[in-house]
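# Examining the three-dimensional arrangement
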Amino acid sequence: LMKKAKDNWKKNYHLGIYYFRQQDWERVLQFASQALAQNRNAWTLHLAGIAHLKAEDDHTTGLQLLAEAARCPDADAYLVKDVLKLLVLEKEYQKVIALYNDLPALHQSRPMAKLQYAFALANTGKTPLTNGYNTLQGLRVIWKMYDAEKHNVVADLTDIKISD
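Residues numbered from 1 in each chain as written. Predicted model: local features only at pLDDT ≥ 70, side-chain atom pairs only at ≥ 80, totals over all residues. Heavy atoms only, no water.

### A look at the overall build of the chain
- Counting secondary structure elements, the chain contains 9 helices and 0 strands.
- Element order for the chain, N to C, with α for helix and β for strand: α-α-α-α-α-α-α-α-α.
- Its C-alpha atoms give the chain a radius of gyration of 22 Å, clearly above 15 Å, the size a compact globule of 164 residues would have.
- For the chain, the C-alpha atoms occupy an extent of roughly 75 × 35 × 20 Å along the three principal directions.
- The buried share of the chain, taken over its 164 residues, is 35%.
- Taking all contacts inside the chain whose residues are at least 6 apart in sequence as the whole, residues at least 24 apart take part in 46%.
- With an accessible surface of roughly 10,500 Å², the chain has 56% of that area assigned to carbon and sulfur atoms.
- With 21 positive and 18 negative side-chain charges, the chain shows a spacing of 6 Å between the two charge centroids. (Helix = DSSP H or I, 4+ residues; strand = E, 2+ residues; numbered from the N terminus. Rg over C-alpha atoms; globule rule 2.2 N^0.38 Å. Buried < 20%, exposed > 50% of the residue type's maximum accessible area, 1.4 Å probe, protein only. Contact = heavy atoms within 4.5 Å. Areas by Shrake-Rupley, 256 points an atom, 1.4 Å probe, with all protein chains shown as cover. Lys, Arg positive; Asp, Glu negative; His and termini not counted. Charge placed at Lys NZ, Arg CZ, Asp CG, Glu CD.)

See below:
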């Protein structure tokens, strides 16, 4: 029935998924490539990326397609989480960091995205933009401002130091 359907990206995408479930990686790559050529969106990029990883053992192309998929506006939380996880498994920590920094705030705020990002930072020796010390100092600023507002005065923040 699917083979008789009009040729479009959705048909090829679903055929690629069908063959994915059968672990027929050559056909997954074939239909994923056709779907991608017809419509370059998060789903076709994701399937094509997985197909390159599995069918051709082409990790460079596969990971590039997956990262592009996660950056698409139509990428959902599951796709982004899956791509970050695959990048971590491939030990592509710099790509995890770059991708995380490119994600919209909604995806950056998700716990699994934060975890993958923190793991990548730890494996590269980098530190996140925020840390416990600066977070606590930020809270102290807020508390001093609330206290000053209660007493109708300007908050004295001279004793609070936040590192760069």
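### A look at the packing of aromatic side chains
- This model, assessed by the stated rule, comprises 6 aromatic pairs.
- Ring centres of Y100 and Y117 lie 3.9 Å apart, and the angle between their planes is 15 degrees; on these two criteria the pair is classed as stacked. Placement of Y100 in helix 6 (residues 93–102) and of Y117 in helix 8 (residues 111–124) is noted, with a sequence separation of 17 residues between them. Y117 matches Y100 in its accessibility class, with the two residues each being buried.
- These aromatic residues form a ring-pair network of at least three members: Y18, Y19 and F31. (Phe/Tyr/Trp six-rings, centres within 6.5 Å; stacked < 30°, edge-to-face > 60°.)

### Points about the packing of helix 3 (residues 42–55) against helix 5 (residues 77–89)
- Put simply, helix 3 and helix 5 touch, their axes get as near as 12 Å, and they point 25 degrees apart. Between helix 3 and helix 5, the angle is such that the two are roughly parallel. Our pair here, helix 3 against helix 5, has a crossing hand that is left-handed. Residue-level contacts link A42, W43, H46 and I50 of helix 3 to L79, D82, V83 and L86 of helix 5.
- For the contact of helix 3 with helix 5, the per-class residue count stands at 6 nonpolar, 1 polar and 1 charged. (Axes fitted to C-alpha atoms, helices over the stretch in contact; angles between N-to-C directions. Parallel < 35°, antiparallel > 145°, perpendicular 65-115°, else oblique. Left-handed = near helix turned anticlockwise from the far one by under 90°. Nonpolar A, V, L, I, M, F, W, Y, C, P; charged D, E, K, R; others polar.)

What is shown is where atoms sit, not what they do.
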